[in-house]
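These are the residues of each chain, in order.
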Amino acid sequence: MGATFKICCCYAAVLVAASSALAFSPSALNTNIRATTLTSALFATANDNENVAVAITKNDDIDSRLRRHLVLSLLATVSASAVPFDADATTTTTDSNVETSSLTSAAEVVKLLKPPLDQREYETYELPNGLKVLLCSDPTSTSAAVGMNVHVGACSDPVEIPGLAHFCEHMLFLGTEKYPEEDSFAKFLSANGGYNNAFTDSEKTVYFFEVDGSIDKRFSEALLRFGSFFSGPLFTESATGRELNAIDSENAKNLQNDIFRLYELEKDRVNSDHPFSKFFTGNKKTLLEGTKRQGINLRNELVKFYESYYSSNQMSLAVVAPQSLPQLRKYVSDAFGDIPNRQINPPEDKWAFNVQPYLAGKSKIPAEKSIVEIVPIQDLRQVTITWPIVFSSKEERELYRLNKPDYFVASLLGHEGAGSLLSYLKEQRWANALGASDNADLSDFGTFEVTVELTPKGLNAIDDVCEAIFSYIQMMKTNPIPNYVFDENLQLDELEWRFTTKGQPTNYVQSLVTAMDKFPPSLYIAGPRRVALLETPTTLISSDQPRTSFKSNEQREILKSASTDLVNRLTVDNSFLTVFSKSFEGQTTQNEEWYGTAYNVKPVSMSSLMRWKNPGSFPLFYPRQNIFIPSEKGLKVNKKPKKVDQKALTFEEKIKPIPPPT
C-alpha cells in the first residue's frame, strides 16, 4: 500500500508491477531497476483468485513507480512519477514518432514521446467532462485492455471508517444502473476471453480489464459496461452486506503474510495525524462493527465517499486496442462521456504540506534514530535503513520525481563490483544481497532505503554493517559523484528505451493511467521509462530519439545537483532501522494492532550513532568506468526501415488451412 502498496479485489499476477490483494503499485511498470541488486524473484500466494506478489523486474508506478522495494529479502524500485506542468485541457496526438494529427479541439497539440520500436498510434485528449484520455491503436493485436485511474485512495478514508476507499472499489463491480446484475461484467468478460480487476493505493484507485478486441461490437459493449461503474453504481444494501465478507476474508488471509505485517509497522512510524498512518485494508471490525457502534450507516457513507471523490476531472483513462483512433474516440465518448464532473480538487490538497509526515512523539512507533526488531513468519534475516524524504512544496516534490536522483544514488549504493558495499559485506561474510531504492511515494514525502539480506554472522554485526553503509554515504558527500556515473546511467537507460517492445496490454494500461496522473501529456509513455527528463531547469525533453549523451553540461548538472541534495539528506540523525529475524521470537514486548506482529522498539545507542557519524576507513570507492557500454560512434544508417502496415489475423484467417506446396 502506501505509495507502493495497494489493495486489490482480485488480481491476475503481474510481473512488471508487483500487485495484489494488497501489494505493490503497478507504477513500477517499465521503471529503471538497475539500482536493485537483489536476485530477481517473484513470491506469490494465491487465495480466492487473489495474489500477493513482490517482484524485481525490469519494468513499474508506478507513479508511479511501480511500480516496490524491499520486502522479504527483495527490493524493487518504484516508478518515478509526476511533473510540475499542468496537463489539463491538453490534446496530444502522435503517429510513428513524428507525425501529429489534431482532435476537434482548441486545446494545445503536443507530441507524445514513445520508444522507437513502438509502431502503435497514440492520441491523448480531454473529454468535455474533464476526463483525461489516452488512446493506443494496435492493429497487430487481437486483445484490448482498458484502465481507469481515479485520483483518490486509502489516505482519504474517513478517520472513523478505515478501509472505506477499498470497500468502495469492491462495490463498483456489484451492479450499476445500466447493468444491475451484480456479476454481469465479470460474466461478459469471461464469455469473451477476458478478466477484470482493481486495486486501491494510498492516493489512487485503479480499475482495469482485458477482453478479446477483435470484434468491434463486443469491445464497445465492454467499454459501456465498464464506463457505467463511474457514472451509476448501485451500492445496493444487499451487496453491501455480502461484500463485507469478501473484505474480511481478504484481510484474514494476509494476517500471516510478512509483506503486510511489515508494511503496517512502517506506517505506524508515521505521524498519527498524517493519513498515511491509517489502516488501509479494512475488515469487519472497522467497516461493520465500528460503524454500528458509532451509529454510522455504511451504505450512506459509501455513497457519500463516491460522490465526494469520484469525479471525471480527477480521472484518467487509457485504452489499448486494435481499433483505429477514430473508432476508439467514439467508443470512449459513448461509454465515459456521461461521468459527472463534480469539479473537485485533488484530495491531497486537504493534508499535503500541512501535516508533518514524521514528528517526534506523534507516532505509534518512534521513527528517527530507533530500531524496530520484528519476528517474521518466514525465516528471514535482514536490516533496512530508511530515510524520510520530506518535501516543503508541490513544486519540490515534482522536480524530485522528474530528476529521479534516487535512481542515480541507488545505482551506486546497490553496485556489486569492486569497491562496492555489497562486495565488502560479502568479504566479511555479513551479507548475501543488498538493494537500494525509494519506497513510499506520496504527495508530500517519500522514503529512501538500503536493505541488506544478512548472514547469521551479519545478524550479529548489524552495527558494523550500518557503519559500512554510512561510510559509503560519507564518501559520496566528500567526493562528488563523477560525471561518468551520470553519463553511463543515461546511456544504459537509453539503450533500454531504444529496444523497448510491447508488453502485456493489461500491465501497460496500468502503467499508462498511473503516469497520466503524474506526468504532462508528452511524457505519459516516456516519463516512467527514461531519466534526464529536463533539458533545462524549466524545459522538458522534446525528442523520443535515443540519446547517447546529455544535450548539455547544464542538463547533467541538474541531475548532479538533485543527487547531491538527496545524498545530503541521508544522515544518521534522519534515519531509522528495521531488523527482521526469527531470533527475536519470545523476546518481544509489543504486538501490532491489525496483524498481531510481534516486535520490539528501542533507540539506537549513542555509541552506535557516534560511530556511524564518524565511520572508519573502508575499501569502498565508486564503480570504475564501464568501457563496454555500446555507442553509435562509427555507425551509419544508409537506409531507414520503412513502416510496414500490419494487422492481426482474424479467427477465420487463423483457422484457414494452408494449401500444400505445388
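Residues numbered from 1 in each chain as written. Predicted model: local features only at pLDDT ≥ 70, side-chain atom pairs only at ≥ 80, totals over all residues. Heavy atoms only, no water.

**A short note on the pairing of strand 16 (residues 445-454)**
Most of strand 16 is tucked away, with nine of its ten residues classed as buried. Sheet topology places strand 14 (residues 381-390) next to strand 16; nine bridges connect them, and they run antiparallel. Following the sheet pairing, W387 is matched in strand 16 by F448. Here strand 15 (residues 431-441) pairs with strand 16 via eight bridges, running antiparallel. Looking at the pairing, G435 lines up with T451 of strand 16. In textbook terms, the turn of a hairpin is the stretch between consecutive antiparallel strands, and for strand 15 and strand 16 this stretch comprises three residues. (Buried < 20%, exposed > 50% of the residue type's maximum accessible area, 1.4 Å probe, protein only. Helix = DSSP H or I, 4+ residues; strand = E, 2+ residues; numbered from the N terminus. Pairing = 2+ DSSP bridges.)

**Here we look at the pattern of salt bridges**
Overall, the coordinates contain 30 salt bridges when judged by the stated rule. Between E467 and R611 there is a salt bridge whose closest N-O contact spans 2.7 Å. Of this pair, E467 sits in helix 13 (residues 462-478) while R611 sits in helix 17 (residues 606-613), placing them 144 residues apart in sequence. You can call E467 buried: its relative accessible area is 9%. By relative accessible area, R611 is classed as partly exposed at 29%. Residues joined by salt bridges that share partners form a network here, namely R397, R401, D441 and K518. (Salt bridge = Lys/Arg side-chain N within 4 Å of Asp/Glu carboxyl O.)

**Thoughts on the side chain of H151**
With respect to the helices and strands, the residue H151 is situated in the loop between strand 9 (143-150) and helix 1 (164-171). At 2.7 Å, the side chain of H151 and the side chain of D517 are in polar contact. (Polar contact = N/O pair within 3.5 Å; in protein donor to acceptor, adjacent residues only side chain to side chain.)

**Some words on the confidence of the model for the protein**
Scored by pLDDT, the protein comes out at a mean of 85, with 81% of its residues at no less than 70. In this model, residues 1-5 is a region of pLDDT below 50 whose contacts with residues beyond four sequence positions or in other chains number 42 contacts. Residue range residues 9-107 is modelled with pLDDT below 50. Its contacts to residues more than four positions away, or to other chains, number 425 contacts. (pLDDT = per-residue confidence, 0-100. Contact = heavy atoms within 4.5 Å.)

**Examining the environment of E182**
Along the chain, E182 turns up in the loop between helix 1 and helix 2 (184-191). The exposure class of E182 is partly exposed, given its relative accessible area of 26%. Among all residues touching E182, those that are not within four sequence positions of it are F173, L174, G175, T236, S238, A239 and R242. A polar contact of 2.2 Å, which involves the side chain of E182, links it to the side chain of R242.

**Overview of the side chain of T447**
Along the chain, the position of T447 falls in strand 16. Take T447: its relative accessible area is 5%, and that puts it in the buried class. Polar contacts involving the side chain of T447 include one to the main-chain amide nitrogen of A440, which spans 2.9 Å. Not counting residues up to four positions away in its chain, the partners in contact with T447 are Y358, T386, W387, P388, I389, S437, D438, N439 and A440.

**A closer look at the pairing of strand 9**
Of all the eight residues making up strand 9, seven are buried; the element is thus mostly covered by neighbouring parts of the structure. Strand direction decides the pairing type here: strand 9 and strand 11 (residues 205-212), joined by eight bridges, are antiparallel. If you follow G147 over to strand 11, its bridge partner there is F208. Of the pairings in the sheet, the one linking strand 9 to strand 12 (residues 315-321) comprises six bridges and is antiparallel in character. In the sheet register, G147 faces strand 12, and the bridge partner there is A318.

**Re helix 17**
Considered for burial, the residues of helix 17 that qualify are S608, L609 and W612. Relative to the axis of helix 17, the buried residues are bounded by an arc of 100° and lie together on one face. Opposite the packed face of helix 17, turned more than 90 degrees from it, sit the exposed residues M606 and S607. Tucked into the core, helix 17 has its buried residues touching helix 13 and strand 19 (576-581). (Arc of directions from axis to C-beta.)

**With respect to the packing of aromatic side chains**
Two descriptors summarise a pair of aromatic rings, namely the distance from one centre to the other and the angle between the planes of the rings. Across all of its chains, the model carries 31 aromatic pairs by this definition. Put simply, the rings of F173, F185, Y207, F209, F226, F229, F230 and F336 pair up and form one aromatic cluster. Just above the ring of F280 sits the side chain of K267; from NZ or CZ to the centre is 4.4 Å. (Phe/Tyr/Trp six-rings, centres within 6.5 Å; stacked < 30°, edge-to-face > 60°. Lys NZ or Arg CZ within 6 Å of the ring centre and 35° of its normal.)

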